[in-house]
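The lines below spell out each chain.
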Amino acid sequence: MPEYSDEILDSNQISSTDKEGRPIPVTIPIALAPGITVVYTTRLGGLSTGDYGNLNLGGKSGDNPQAVMSNRITLSEAVHARLSLVSQVHSGVAVDVDDSFVVNTPFGFDVSGTHRSVEEYQTGRGMETDADGRKHEPTEPTGSAENVSQVIEADGQVTSQSGIALGMFAADCLPVLLADPVTGVIGAAHCGRRGLERGIIESTVELMKLKGADPTNIIATLGPRICGDCYEVGDEVADQFVKRFPLTKTQTRFGGAGIDIAEAAMIDLAFAGVHQVVDSMPRVHAATEYLEADPELAELCRTDGEGPAELAERIGNINHSMCTLENPLWYSHRRAALAGKAHEGRLLALIVRQ
């Protein structure tokens, strides 16, 4: 049995709040390399409610902006780093955030297109800060309930700075986290079906190389994602996908054709020269077992309508702990859709060099 992390084992920490009374996010850390950590957020330890409960970190799906802001602030504090968030659009585009990073929110750098409330503008929260430390509004308030700040569209991020947690939102798509521990260059890629087809892994690795990283030194890990047994896309899509990624077509447990996006990512990592891949599954499996009696998770299962009401039954039905559809720890767009929901939250997969 893998060792449990201190963060997961400390039940007092899991149930505690910060100095402002906000729930502390329940996260699963992965030690990728000395001084470099990957963190997966769960649905536990936040202020979101309803279909977004409880630790929604996505800012474009209609959740209460104050809840999202609180969740992000406490996450930043928990990982001891400033978050870097971009607007993910299923592209093959990666960006060097060192070219544009500025602290423009209480939790770090947000160019993800997050909706912000008028109150945030009126109180100065969420305002951008220029190089001289002067605050300014990124957009003019319109009087409507929501405003959007500067947006950078990309599905990969890289940095050579310490203390910046590159974040990728997910709710079925695959986050891939990468680090060259020799140079300290880190990267994160959002690998949905279309992003994989458009070469997002290659783009991210190439940008890391431009900053001095060597693919032979890069260590990667694959985050939570919908598994090949659950990701049903139909024969037409699967047959097109398999032309780019051989042997990735599956027969899902629902009876139709599916694809394995994790296997596709492994193919492109190899083509990019990245051959060191750390398996996140043992730590995630251990954390899932530890949380199998967690009251907050039990309440989410009882009320979310996305499967059996009993947590023990949900846990017993898991075949792949990394699968966002199967494991109730994660948000899943497909699971929410199967339940007839119009909304769901987003987890964040982070990588940071301290």
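Residues numbered from 1 in each chain as written. Predicted model: local features only at pLDDT ≥ 70, side-chain atom pairs only at ≥ 80, totals over all residues. Heavy atoms only, no water.

A. Representation of the sheet that holds strand β12 (residues 174–180) within the structure. Strand order in the open sheet formed by six strands is β4-β10-β13-β12-β14-β17, and the pairing between neighbours is mixed. The sheet terminates laterally at β4 (94–96) and β17 (276–278), the two strands that pair on one side only. Averaged over all pairs of adjacent strands, the angle between strand axes in this sheet comes to 20 degrees, irrespective of strand direction. Pairing of β4 with strand β10 (residues 156–159) involves three bridges; the strand directions are parallel. If you follow V95 over to β10, its bridge partner there is Q157. This element, helix α6 (residues 200–210), spans β4, β10, β12 and β13 (185–191) of the sheet and lies at about 165 degrees to β13. In the packing of helix α8 (residues 261–271) onto the sheet, contacts are made with β12, β13, β14 (219–222) and β17, and the angle to β12 comes to roughly 30 degrees. (Pairing = 2+ DSSP bridges. Helix = DSSP H or I, 4+ residues; strand = E, 2+ residues; numbered from the N terminus. Axes fitted to C-alpha atoms, helices over the stretch in contact; angles between N-to-C directions. Contact = heavy atoms within 4.5 Å.)

B. Molecular detail of the nonpolar core. With 43 residues, the main nonpolar core has Y40 and I351 as its most contacted residues. Judged by nonpolar contacts, the second largest core, of 37 residues, contains V158, I218, A220 and I259. (Core = buried A, V, L, I, M, F, W, Y, C linked by side-chain atoms within 4.5 Å. Buried < 20%, exposed > 50% of the residue type's maximum accessible area, 1.4 Å probe, protein only.)

C. A look at the pattern of salt bridges. In this structure the tally under the stated criterion is 17 salt bridges. Between K341 and D51 there is a salt bridge, and its shortest N-O distance comes to 3.5 Å. Taken together, the residues span a long stretch of sequence, with K341 in the loop between α12 (333–338) and β18 (347–353) and D51 in the loop between β2 (36–41) and α3 (65–79) at a distance of 290 residues. When its relative accessible area of 30% is taken as the criterion, D51 is described as partly exposed. A salt bridge links E197 to R193, with the shortest nitrogen-to-oxygen separation between them at 3.8 Å. (Salt bridge = Lys/Arg side-chain N within 4 Å of Asp/Glu carboxyl O.)

D. Region of interest: unusual backbone geometry. The residue after G53, namely N54, is reached through a cis peptide bond having omega -5 degrees. Tracing the sequence through the fold places N54 in the loop between β2 and α3. Phi at H90 is positive, roughly 60 degrees, even though this residue is not glycine. Along the chain, H90 turns up in the loop between β3 (82–86) and β4. Given the relative accessible area of 22%, H90 is considered partly exposed.

E. View of the packing of aromatic side chains. Applying the stated criterion across every chain yields a total of two aromatic pairs. Pairing F241 with F245 gives two aromatic rings, centres 4.9 Å apart and planes at 35 degrees, and the pair type is tilted. Classification of F241 as buried rests on a relative accessible area of 0%. (Phe/Tyr/Trp six-rings, centres within 6.5 Å; stacked < 30°, edge-to-face > 60°.)

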